[in-house]
Amino acid sequence: MNICQVVPYFPYREHISGQHVECGYHVGGVERHVYHISRELSQRGHNVTIITTKSPNHDKLSEIEDFNVQRVPITLRIFNSHVPFRVVKYFDTCQYDIIHAHTPVPAIADLAALRNIAKKCPFVLTYHNDITKGGIFGSIISTIYNMTIGKFLLQHSDIIISTTKTYAINSKQLCKYLQKIKVIPNGVDDKVFNPKLDGSRVREKYGLKEDCKIVLFVGRLDYYKGCEYLVEAFSIVVKRMKNVHLILVGSGPLERRLREIANELNIADDISFAGYVKDEDLPYYYAACDVFVLPSISLYEGFGIVQLEAMACGKPVITTTLPGVREVDVEGVATVHIPPKNKQKLAEAIIKILKDDDLATRLGKNGRELIVKKYSWSKVAKAIEQVYLEVVRGC
């Protein structure tokens, strides 16, 4: 099949090789998701084209050559959404057997759906999470979008993929279109992230001895990730345990406030802000840790790929009971689930795992088995391929 993936941003070769690339062009979980499924689909014999936007530093970056990548200039920016109006003019839907667009960043998926009205090429949408913005003005803009353009996008999608069933049911937008929903999870590279990695290089970097217990967070330091509650919970852990350290991997608008909280609680020396970590180094951070924590507090967190990475490395995981996030390990064979925004419960869960080696080992082993069984990229791509075939045959 000739497949077109439509995504707001898409990695350059520098992103994939793990180099630090400039701010202002976001390549995160959704963008890497599209890269991995496109690579798998290409290996399965399909012709894959990527329609996306250009980085402001496009001329200084190297293009991925695994498939045809077409980048259009950014015409307008609204909040953190880049609007490439040229998609409407230059996007020729007649070239493809199927179009697969991705949200949550608005604009490009909507423009692709608008361009597709006349041709009516089979159209699949992966709805990674709801579109919400902070503040009064942001809330108003989000509401208007969801009632108008966002509604149009969902109505004109033949199939909508949600990464979990519970997220689709609890989403204010998706719950209206459950008859269109197919559930296909995110995936992880279970060869790159594996239990055999040696994390000693990370311990050496931060001056942490082998007997020091490491708590790890990986992700954007933003409000919806719940890192304030993690830092506050960690202050409880420090009072009840010796020789324990928290490493926060990532950057974001909340970093300054998190540092302030750490200073106010007198635990600044017990926390390391790792900032940006290269892709090639990230697996070793998981290998070094004793427990991984994803303390998300908002439905803006629709899945949490980082918990897959931790499980793939054989590490016990603590997450919140948010719909979507919890469904990754709904039976709790590898995960301890705690209520969002509950620092006391979070602290107790961290302490329980750190003090019980048998429990930590069992959770880590179960997590690795769960990844191999359900979350490899090859399995995810195969499921998406089946959706494509179903849509094409039905149109």
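The coordinates are above.
None of the values given here were measured: they were computed from a predicted structure. (Residues numbered from 1 in each chain as written. Predicted model: local features only at pLDDT ≥ 70, side-chain atom pairs only at ≥ 80, totals over all residues. Heavy atoms only, no water.)

### Describing the pairing of strand β11 (residues 244-249)
Burial analysis of β11 places six of its six residues in the buried class, the great majority of the element. Pairing of strand β10 (residues 213-218) with β11 involves six bridges; the strand directions are parallel. Looking across to β11, one finds that K213 is bridged to V244. You can see the chain leave β10, run along helix α9 (residues 227-240) and come back into β11, and the turn it takes is right-handed. Judged from the four bridges that link them, β11 and strand β12 (residues 271-275) form a sheet pairing that is parallel. Of the residues in β12, the one forming a bridge with I247 is S272. The parallel pair β11 and β12, bridged by helix α10 (residues 255-264), forms a crossover whose chirality is right-handed. (Buried < 20%, exposed > 50% of the residue type's maximum accessible area, 1.4 Å probe, protein only. Helix = DSSP H or I, 4+ residues; strand = E, 2+ residues; numbered from the N terminus. Pairing = 2+ DSSP bridges. Right-handed = clockwise from strand over helix to strand, strands pointing away.)

### Focus on unusual backbone geometry
Positive phi outside glycine occurs at N266, with the angle close to 60°. Here N266 falls in the exposed class, since its relative accessible area comes to 69%. One non-glycine residue, K341, lies in positive phi territory at about 65°. Among the structural elements, K341 can be located in the loop between β15 (335-338) and α13 (343-355).

### Some words on the sheet that holds strand β13 (residues 291-294)
Overall, parallel pairing links the six strands, which are arranged β12-β11-β10-β13-β14-β15 in an open sheet. Because the sheet does not close on itself, it has two edges, and the strands there are β12 and β15. Each adjacent strand pair in this sheet contributes to an overall mean axis angle of 20°, direction not counted. As judged from the three bridges shared by β13 and strand β14 (residues 317-320), these two strands associate in the parallel manner. Opposite F292, over in β14, you have V317 as the bridge partner. (Axes fitted to C-alpha atoms, helices over the stretch in contact; angles between N-to-C directions.)

### A few points about the sheet that holds strand β8 (residues 159-162)
Read across the sheet, seven strands follow the order β3-β2-β1-β6-β7-β8-β9 without closing on themselves; strand pairing throughout is parallel. Here the strands that pair on one side only, and so sit at the sheet edges, are β3 (68-72) and β9 (181-183). Within the sheet, the average angular offset between the axes of one strand and its neighbour, ignoring direction, is 25°. The strands that helix α15 (residues 377-394) touches are β1 (2-6), β6 (98-103), β7 (123-127), β8 and β9; relative to β6, the one it contacts most, it runs at about 125°. (Contact = heavy atoms within 4.5 Å.)

### Focus on the pairing of β7
Counting buried positions over the five residues of β7 gives five, a clear majority of the element. The alternating pattern of β7 places F123, L125 and Y127 and V124 and T126 on opposite faces, both of which are buried. Across five bridges, the pairing between β6 and β7 is parallel. Note on β7: the bridge partner recorded for H102 is T126. In the sheet, β7 pairs with β8 via three bridges, with the strands oriented parallel. Of the residues in β8, the one forming a bridge with L125 is I160.

### Overview of the side chain of K315
Tracing the backbone through its elements, the reader meets K315 in the loop between α12 (305-312) and β14. It turns out K315 is buried and unbridged, and the closest side chain with the opposite charge, D290, is 5.8 Å from it. Of the polar contacts made by the side chain of K315, one reaches the backbone oxygen of A287; its length is 3.2 Å. Separated by 2.9 Å, the side chain of K315 and the backbone oxygen of C289 make a polar contact. Filtering out sequence-adjacent residues up to four positions away, K315 remains in contact with Y286, A287, C289, A310 and G364. (Lys, Arg positive; Asp, Glu negative; His and termini not counted. Salt bridge = Lys/Arg side-chain N within 4 Å of Asp/Glu carboxyl O. Polar contact = N/O pair within 3.5 Å; in protein donor to acceptor, adjacent residues only side chain to side chain.)

### Examining the pattern of salt bridges
Applying the stated rule across the entire model yields 14 salt bridges. The partner of E63 in a salt bridge is R71, and the shortest N-O contact between them spans 2.7 Å. Note on E63: relative accessible area 23%, which makes it partly exposed. On the basis of relative accessible area, R71 is assigned to the buried category, the value being 10%. With its nearest N and O atoms 3.1 Å apart, the salt bridge here joins E255 to R259. With a gap of four residues between them, E255 and R259 both fall in helix α10, about one helical turn apart.

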